[in-house]
Every structure is written in structure tokens, then in C-alpha cells.
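Residues per chain, in single letters:
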4 protein chains.
Amino acid sequence: MINIKINKNLEMNEKSFLMIAGPCAVESKEQVMEVAKKLKEMGVNVLRGGAFKPRTCPDSFQGLGEEGLKLLVKAREETGMAIVTEVMDTENLSLVEEYSDIIQIGSRNCQNFSLLKEVGKYDKPVLLKRGFGNTISELIGSSKYISQSGNNRVILVERGIRTFETATRFTLDVSAVPLLHEKTEFPVIIDPSHPAGVSRYVEPLAMAGTAAGADGLIIEVHPNPKEALSDSSQQLTIPEYNHLYEKIKRIAPIIDKYVI
Amino acid sequence: MINIKINKNLEMNEKSFLMIAGPCAVESKEQVMEVAKKLKEMGVNVLRGGAFKPRTCPDSFQGLGEEGLKLLVKAREETGMAIVTEVMDTENLSLVEEYSDIIQIGSRNCQNFSLLKEVGKYDKPVLLKRGFGNTISELIGSSKYISQSGNNRVILVERGIRTFETATRFTLDVSAVPLLHEKTEFPVIIDPSHPAGVSRYVEPLAMAGTAAGADGLIIEVHPNPKEALSDSSQQLTIPEYNHLYEKIKRIAPIIDKYVI
Amino acid sequence: MINIKINKNLEMNEKSFLMIAGPCAVESKEQVMEVAKKLKEMGVNVLRGGAFKPRTCPDSFQGLGEEGLKLLVKAREETGMAIVTEVMDTENLSLVEEYSDIIQIGSRNCQNFSLLKEVGKYDKPVLLKRGFGNTISELIGSSKYISQSGNNRVILVERGIRTFETATRFTLDVSAVPLLHEKTEFPVIIDPSHPAGVSRYVEPLAMAGTAAGADGLIIEVHPNPKEALSDSSQQLTIPEYNHLYEKIKRIAPIIDKYVI
Amino acid sequence: MINIKINKNLEMNEKSFLMIAGPCAVESKEQVMEVAKKLKEMGVNVLRGGAFKPRTCPDSFQGLGEEGLKLLVKAREETGMAIVTEVMDTENLSLVEEYSDIIQIGSRNCQNFSLLKEVGKYDKPVLLKRGFGNTISELIGSSKYISQSGNNRVILVERGIRTFETATRFTLDVSAVPLLHEKTEFPVIIDPSHPAGVSRYVEPLAMAGTAAGADGLIIEVHPNPKEALSDSSQQLTIPEYNHLYEKIKRIAPIIDKYVI
């Protein structure tokens, strides 16, 4: 596995287990600041938050756009956390790149090859999510679009695939962890929030992904999930995340890792 | 169903059944001209051909780009056929729009919402393919991104979904035809080439989609499939397509349609 | 394809297209008699009806058992139709075999190998449904359990598979028709009722399966679907079935077949 | 969760984590004895081994039948381990019940309702595997067929479902653990061997299932996997299993359990 430097204080390596957390979408200054401070106190070093949201229908909340990015930067200034946020197109790529420490490519853009090639020209880590309809082999193909464009700081994310089972939103494919480790040199992190769909399944899926040997977790956390503008049923409260965080710290040594 | 005008001679309506055919990718002047002339002689009025190809891996043939578009235009000048070709990003959208009569959004970009919004600003019919990992409901959501941006000339395409069955490349979901007719006002056409994966299953899948009540077919046809630079196993030869075309003409009246 | 003799008046062959219809479950004498007479008048020669019903939960209606079989026999005596009904276990196999003309193995028993071996010892046609979780290759394996036990009168049924799409109950895999024809010598019929899940999608799926080259259709028809004890939303009324039947008669010649 | 007594020395409860291991199929006295002794030395208390094997094709090795059961009993006499073996039909049910401590219903018989009802009449724990095409809700329905027949000692097994991903044999659905715990009172164990398909993915999947909160693991272990008559690529060697076993002992306390 290659090492991936995120900022001057933070680097992913063979032994590290990276915790990323934050709200599905940036909604307001108060929301971002509250969650960022609480997470930082716990020891979390990377804040997630969507400013541009890919929504199935055009009538759903589409995110705050550049205003959202600015709020994330405020949170970084206040807490020192690195920030990761999604880019949906090449138009906004330089904007997103300017504001963020890690650029996220969402599940629906996993095979947006034009975007992947452009992202590959920047000198920033890229968090590439597996498409929910994509095979592991296709995810690897997509990672090559980025690395062959010159950027080999790719972080792969397993976030669940579409199956016939409807009791959960997606089916987390934990086998992606050993498979991607075997076939690529990129770290692999688990997003347990989207497959769970419901907050009470997030912890067991996070535990599963960690024990399978993942290199980190990206989890949706909201100060008040009930009032969230998107994904309200699957976001953890801060105490719920804290409970999970403590368990992850206990499991990490068993897979020879330490939480960062 | 709304009527969709394609060019001054061609319009889709409740009674029409539109045949679209042509190679997976534009490869050379000879190839495009040969297939276009033969198809036009048969009665086909819309030529397909990819100039920008979305490929799983960056090392695969990526298409001829603008040169490919120019060859398609030559074929239009020679035969009078309308042309449809895929756009993969907003960068090339005005270029593709300039050269083509119908703009195609491929399966992997079905939820590339930024691209959908931009395409919706142009005054050209859009052929929107269902993502192989997308539900019918998501395809409808994607069509709204186009129509709410101002362009309601959307042609929906069922092209097979990912399932556990590996005997074919994808599983054609014929129920998409009645479902989309029920829930939208857009025409629905079937792509039997991609689910078949192998040329000998293309005809039965085309027949099935037609009998289910589709409004047209888009089929990959190549003068010499064995030497094709992409999708070589699933492209029909010109005689194979002719055989299929004759059967479609016989089945159309049973679903109250005539072939255009 | 091998010919399959069903009774002294009825034989499936390369050119025949077999229509099988009747209620999901045998519920009462009046119900069976009414539907049987109406179907026979239309020209249908095989009556389906369940006496032993495989239900997901033990609290659901489990069928009338032997009483149901006797009602089917009464309908045969009255109309001359052949009857097909499901056997769920080896205990009831000799009973079901005694009463029926065709023995049905349901989707959930597609890989009940002990049952398949036993059915293979009888001298009656077997209608073997594809498991909704089984590949085409597994269905072929199951058919060999029957034929290698001595009975090669197997009729294969495609009835939809489980996929991520929830707009229909199952996804009809029409490619099963050419694939099974290529790899086996058994006829292949389509069950459009179970994948549709809702009666208004039954006709388009039936048309699709027929045009793909199937050798027959098995369809749920009930004199009063709203009051059916099982599958009430997907059963056709008699007039709806008649409408479909007339269209199938028009499509059959295009695939070189005549309706029996 | 209900407690499930297996034999006079062994009981599953809220805090226990049950390790079951042994070969896919019983092949010979030497094979069974060797693996049983080594597993017992390690601390494993339940031996698995198939005597009746459900195989996709009739030409594959079908198991040793009653001879296999007798070899399992010999291993029990020698080691004191409890034995679990699969029953495929009601014909052999009393035979299998007589020889075994836990009766296994395999994935392909998850909805063989006649078999489930009969098994429910016996006074022995039943290990019920989820069908690879069945939802969690259907698995719960199947468990009710057993419990409503009088036997509520049911152990549920998640063993992977069919999805579009072909890099592994099945996709392990770890969310089944919290879902089944929420909706039933039965213990839930994980079979990582079948979804892995290849031995090197068994350990990460076993770790994942354990961390998700499962109540045990059932794993295929063979003294010499390369020469196994079935599932040769996915069976662990004894040293590989020992490596896994030690890691499970470290992870169990984190989910508040101890290994039995």
C-alpha cells in the first residue's frame, strides 16, 4: 500500500486507520461548526460535508454550493481538521479543489471518466467511491483513470452495492476490502452509512468493515439527524458516533492498526 | 406520449417505431460509409456511432473524438440519415451538439446530473440510457433533470441491468417499457445489443422488446464485427440486421405501429 | 427440441405454442369450473391451479390439498383440459402424479434435488420452474436430475429472477429463451404473471416472451381476482386473458408457431 | 435471544460465540478423524461435515450418505465434539436426526417448506441457512415453519447472497446480523466460506461477520484442501483455521462474547 499524505499532520499508511466523519450535507454555519468541534474533541481529523449534492430528482435539496465550501473552510480554520467534499463535474472542480484537502468522487460518478481524468491532473488526494452498480474490477479501472493522469493518491471507498435485498438501502460488500488490497496499492475505506440506510445498522457495518481489514471509515454524523435536509434516517448523532469510535479504537489493534 | 421531431423528415409519435442502427464506435471513413449506405438502403433513418467512448479502463480504445463526429456528418450528407452519438462531458457537449441530430447520454452517465442539466439547455432530442445499476424510478428522475432544464424531447432507452445472471452481459428488463409508458410521456426504445453481449441473442431480445410495446430499437451493426475495435462479439453483420429488420416490420402492426 | 406428449390430443413440438392458464390456487368448485369452462371455450387446453401452495409464511393460505386436486380432476372431466399442478414434496408426489397430467416443480424447489430425482422416476411431463435465485446454468443442472432419472419430458419455465429493481415483483429474463434452446432440447415457456406482480404488466411481458421465441405461456387467470386468496394483484380476469390470447395468436406465426 | 442447548456440555447464549468447523464433505475415515482431532485440540466443539451433498449437477460427487454419517459419529465418539450435518429431504430426516446433534438445512432448501415443517417436529437444534436468493424477511418466514411446528431451537446462518459481483462466489450480507437479531430471537451465525469462494478471503469475511455481532462461525476446514472432492478452493487448511481462530478469540470480547 502506498502512503497518502493528507496534510502536514496527517498521513495514511499501512498501520493507520483513518476516521472521517461529518454531515451528509453542509446546511448552516451552526450545524457545521457544532459537529466539527465535537468530532475534533473526540480525535477525528477529517471532516466530511457535501456542498454539491447528487440527488435522484431535481426538486430535492441540491446543496449550498460555494457557500457550503466556505463553511467547511471555516470549520477547518477553527479545528485544524482536513476537509473532504464531493465534486460532481469539471466546471466546479477547480473550485472544490481550492477549498478542500481531499476531493471526493461520488458513487454516481464512479464511471464519469472525463471527471476522473481531470481530477487526476490535480495534486490532491482523491476519495473515489465505488458505484453501487459497479464491480470491483470496474472500480479498479476507474482508479486507473486518475492515477494514469498523474495523481496516484487515490483512496478507494466501498459503500454498498445494489442487490435484491431491500431491508437495507444497499448491501455492504466487505469482501471488497481484501480484494482491493490484493489488486491495487490504494487504501480502502468503508462507508457504512449508505448501505445501512438506518442509523442503528451503521455501527455493526462499521465494525464489520474494520475487522475485514479496512484502512478507515467515512461516516455521516449530524448534530440533529431528524432535521437533516438529506439522509436524515442514516446519520448518527454525536453520542452514537462516539460510542462507535470507542469500539473502533478497541478493534484496530487486532488488525494491526491505530486510529488516526 | 409526446411527439419528438428529429429532423424535417422524421418524427416519433404514438404509432411510429424508430429503427436506429450503426457501429459501436466510428472507426474509419470506409467503415461508417459502408454501414450507413447499406442501412439507408434497407430503410433505416437514424445512424448511431460512438466518437467518444466510455471504457472501463483507460488503456482501451477511447474513440476518434472530433474526427469521428466529422465522419458521421459525412455519412449524413451522403445518405440523409439523422445521426446520434454519445456525449460524455460538458466540455464536448457543444461540439457533439453541433454535429449530431440526437445527443446520447450513455448508461454510465445516467446520473451525471451536471451533464443532464446542461443537455437540457439545448434544443436537440436527447437519447437517455438507463444506468445498468439504476432503477426505473431513478431513470425517471434523470429525465426530469433534462426536461426541467427546458428540453422535453427525451427518448428513454432500456439497455439491460446488472443481475446475478452471467450467461448474458446484462439482463434486459422488458417491463421497463410498460412502466415507463405509464409513468412518463417520453418514448421508450430498446437496446438489445448490450444485454445480449453476443450477436446471436440480439434478435430474440429485439423481438421481445418490440412486442412489449417499445417505440424503437437501437442496435449495433458493423460491416465486419470480428475486426471491430470495441464490442466485437455483440455487433450484428449487415445481413443479420436485415433478417431482424424484416421480422420487426411484421411484428410492428401487432402493437399498432409502423416502422420508420 | 424433443416433442412432449401431454395427453392423447395434445403434444408440444417445434411448431406448437402451448397456452396454459388458470387460477393461482384452487379455491372452490365454482371458481375452478367457471374459469375452466371459459378458458376451454377460448381454446385453452391446459388448466393450471395450485392445491399445495408454497407460501413464505406458515400463516398464509396453504392450499386445499387433495380436495383441490379432486376439483381439478372434475374440471378435466367437464372440459377435457389437461391439468398441471404443483408438487412440493416426495410425500405427496404419488398423489399429485395420480391426479395431474403435468407435474409442476415450483421456483422454490428448483434445486430440491431429492424431489427432482423422484419426479424423474414417473412417466409424466414435468414443468420445471427456474428458481428466482438460480442461473440458467443451474436450471439446466436441475433438468438433468429429472432426465437422468429416466424422464426426459421436461418443460422449462422462465418466471423472473430477483434483481435490485422493485417496480416489478421479479425481472423477467427473456434471454433465457434463446439460451435454453441453445443448451437443452427441452421446450421453454414463459410465466409473465409472477414477474409482473401486477396484472397490467402481464400482457406486455407475455408478448415479449412469445416474441423471444418461447414455446408457450403459463398465466394466472381468476374469475374474480380481487377476491383471490393468493396473488390477487397479478391474476388476469377472463376478458383480460382473452385480449392477450388474441394478440398471441397474431404473434405466433411470426416466430413460426401456431397456438395450441 | 433464546438459549440453545446443543448437548450436555454446550449451550449457545447471549454471551457465547460458537465455532463450528470441518470439511465440506465427509470423504473418508482418515480425513474426518484427522480434522476432528486437530479442531478439538484447538478448542472447537462442533464438527461440520456433509454426508448428503446438494450439487448443481447429478454427475458431481453426491456424498457418502449413511456411511458418511457413521464416520461423523465415530469422530464424535473419539473427540466428544457435537456434529452437524445437512439433511436434503424428509426421507433421510429420521436417519440424519438419529446420527447428528444439530440438523442442517442448506441454502437450496431454505424454502422447502415441507422439509421445514418436518424438521420442526424433532427435538434437535436446526441450523437454517439463508437461501442465496432469499431476502432476510423470507428467511424469517422459513424459521417460523420450524418453530410453529414445535421446535424453536433454530440457528440462523448468513452465507452470502447472489449479486452482480463475480469476484467472490456470493456477497456476504453482514447486515443480516443486526437485522435478524432485531426481528427474531434466534442466534445468527456466519458462514464465510461459501461467499469467499477462495480460501484467502475466508478470514476477512469471518472477522467482519464476528465484529458485526454474530453468535458464531461455521467454516469449511480440510486436512488437504487441494484434494477435496468438493469446494476445494474455499476450504481452509488446519493452520489457516488456527490463525483465524486466534484472531476471533481476540475480537470476541469487543462484542461482549467468549468463544465456545
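Conventions we followed
- Residues numbered from 1 in each chain as written.
- Chains lettered and ligands numbered in written order.
- Predicted model: local features only at pLDDT ≥ 70, side-chain atom pairs only at ≥ 80, totals over all residues.
- Helix = DSSP H or I, 4+ residues; strand = E, 2+ residues; numbered from the N terminus.
- Rg over C-alpha atoms; globule rule 2.2 N^0.38 Å.
- Buried ≥ 20, exposed ≤ 12 C-beta atoms within 10 Å, placed from the backbone.
- Contact = placed C-beta atoms within 7 Å.
- pLDDT = per-residue confidence, 0-100.
- Least-squares fit on C-alpha atoms with pLDDT ≥ 70 in both.
- Axes fitted to C-alpha atoms, helices over the stretch in contact; angles between N-to-C directions.
- Left-handed = near helix turned anticlockwise from the far one by under 90°.
- Nonpolar A, V, L, I, M, F, W, Y, C, P; charged D, E, K, R; others polar.
- Pairing = 2+ DSSP bridges.
- Right-handed = clockwise from strand over helix to strand, strands pointing away.
- Parallel < 35°, antiparallel > 145°, perpendicular 65-115°, else oblique.

**Student:** Give a detailed account of the overall build of chain A, specifying residues and quantitative values.
**Tutor:** Per the secondary structure count, chain A includes nine helices and 11 strands. Here the C-alpha radius of gyration of chain A, 16 Å, is about what a compact globule of 260 residues would show, namely 18 Å. For the C-alpha atoms alone, the extent of chain A along its principal axes is close to 40 × 40 × 40 Å. By the burial criterion, 61% of the 260 residues in chain A qualify as buried. When contacts within chain A are restricted to residue pairs at least 6 apart in sequence, those whose partners lie at least 24 apart make up 66%.

**Student:** Any details on the confidence of the model for chain A? Residues and values, ideally.
**Tutor:** Per-residue pLDDT for chain A averages 97, and the proportion of residues at 70 or more is 100%. Predicted complex, confidence summary: ipTM 0.96, pTM 0.97.

**Student:** Give me the lowdown on the relation of the copies chain D and chain A, citing residues and values where you can.
**Tutor:** When chain D is brought onto chain A, the operation consists of a screw motion whose angular component is 180 degrees and whose axial shift is 0.0 Å, with 0.0 Å RMSD remaining. Accordingly, the operation relating the two chain copies is best matched by a two-fold axis. Within chain D, the C-alpha atom positioned nearest to the axis of rotation is that of A208 of chain D, 1.9 Å from it.

**Student:** Explain the packing of helix α1 (residues 29–42) of chain C against helix α2 (residues 66–79) of chain C to me, using residue names and the numbers behind them.
**Tutor:** Residues and elements named next belong to chain C. Close contact between α1 and α2 brings their axes to 9 Å; oriented N to C, the two are set at 35 degrees. Like other packed secondary-structure pairs, α1 and α2 cross with a definite hand, here right-handed. Residue-level inspection shows K29, V32, M33, A36, K37 and K40 of α1 in contact with α2, the latter providing L71, L72, K74, A75, E78 and T79. Split into classes, the residues belonging to the contact of α1 with α2 amount to six nonpolar, one polar and five charged.

**Student:** Go over the environment of E185 of chain B, please, and point to the residues and values.
**Tutor:** Along the chain, the position of E185 of chain B falls in the loop between α6 (176–183) and β9 (188–190). Other than its neighbours up to four places away in sequence, E185 of chain B contacts M1 and I2 of chain B.

**Student:** I'd love a proper account of unusual backbone geometry, names of residues and values included.
**Tutor:** Residue and element names in this part refer to chain A. Phi at D231 takes a positive value of approximately 50 degrees, unusual for a residue other than glycine. Residue position: D231 is located in the loop between β10 (216–220) and α9 (238–251). Using a count of 20 C-beta atoms within 10 Å as the deciding quantity, one classes D231 as buried.

**Student:** Report on the interface of chain D and chain A, specifying residues and quantitative values.
**Tutor:** Listed as interface residues are 32 residues of chain D and, on the opposing side, 32 residues of chain A. When contributions to the side of chain D that touches chain A are tallied by element, the ones reaching two or more residues are α5 (136–147), α6 (176–183), α8 (202–211) and α9 (238–251) of chain D. Looking at which element gives the most residues to the side of chain D that touches chain A, the answer is α8 of chain D, with seven residues. Residues that form the side of chain D that touches chain A fall into these classes: 19 nonpolar, nine polar and four charged.

**Student:** Let's hear about the interface of chain C and chain A: which residues, and what values?
**Tutor:** Counting residues at the interface gives four residues for chain C and four residues for chain A. Taken together, the residues of the side of chain C that touches chain A sort by class into one nonpolar, two polar and one charged.

**Student:** Account for the relation of the copies chain C and chain A, with residues named and values stated.
**Tutor:** By a simple turn and slide, chain C fits onto chain A: the slide is 0.0 Å along the axis, the RMSD is 0.0 Å, and the turn is 180 degrees. In this assembly the copies share their binding face: 100% of the residues contributing to the interface of chain C also contribute to that of chain A.

**Student:** Tell me about the pairing of strand β7 (residues 126–129) of chain D, and name the residues and values.
**Tutor:** All names here are of chain D. Across the two faces of β7 the burial is the same, with V126 and L128 and L127 and K129 all buried. Bridge count for strand β6 (residues 102–105) against β7 is three bridges, and the pairing is parallel. Across the sheet, residue I103 finds its bridge partner in β7, namely V126. Assessed by its sense of winding, the connection that carries the chain from β6 through helix α4 (residues 113–119) to β7 is right-handed. Bridge count between β7 and strand β8 (residues 154–158): four bridges; the pairing is parallel. Residue pairing in the sheet places L128 in a bridge with L156 of β8. Where the polypeptide runs from β7 across α5 and back to β8, its parallel neighbour, the crossover connection is right-handed.

**Student:** Explain the pairing of β8 of chain D to me, using residue names and the numbers behind them.
**Tutor:** Residue and element names in this part refer to chain D. Most of β8 sits out of view: five of its five residues are buried. Going residue by residue along β8, you find V154, L156 and E158 tucked away on one face and I155 and V157 tucked away on the opposite face as well. With three bridges connecting them, β8 and strand β9 (residues 188–190) associate as parallel partners. Residue pairing in the sheet places L156 in a bridge with V188 of β9. Taken together, β8, α6 and β9 form a β-α-β motif whose crossover is right-handed.

**Student:** Can you explain helix α8 (residues 202–211) of chain A? Please cite residues and give values.
**Tutor:** All names here are of chain A. Across the 10 residues of α8, 10 count as buried, placing the element largely inside the fold. Of the residues making up α8, those classed as buried are V202, E203, P204, L205, A206, M207, A208, G209, T210 and A211. In the stretch just after α8, G213 is the one whose phi turns positive, near 110 degrees.

**Student:** Could you give an account of the environment of N109 of chain D, with specific residues and numbers?
**Tutor:** Assignment of secondary structure puts N109 of chain D in the loop between β6 and α4. For N109 of chain D, a count of 29 C-beta atoms within 10 Å corresponds to the buried category. Excluding residues within four positions of it along the chain, N109 of chain D makes contact with N112 of chain C together with M88 and L115 of chain D.

**Student:** Can you explain the packing of α8 of chain D against α9 of chain D? Please cite residues and give values.
**Tutor:** Residues and elements named next belong to chain D. Where α8 meets α9, the axes come as close as 10 Å, and the angle between the chain directions of the two elements is 20 degrees. The pairing of α8 with α9 is recorded here as roughly parallel in orientation. Here α8 and α9 pass one another in a crossing that is right-handed. Contacts between α8 and α9 involve E203, A206, M207, T210 and A211 on the former and, on the latter, L244, K247, I248 and I251. Tallied by class, the residues present in the contact of α8 with α9 amount to six nonpolar, one polar and two charged.

**Student:** Got a sec to walk through the environment of I2 of chain C? Specific residues and values, please.
**Tutor:** Residues and elements named next belong to chain C. With respect to the helices and strands, the residue I2 is situated in the segment before β1 (4–7). Exposure remark for I2: the 14 C-beta atoms within 10 Å place this residue in the partly exposed category. Beyond its immediate chain neighbours, meaning those up to four positions away, I2 contacts N152, E185 and F186.

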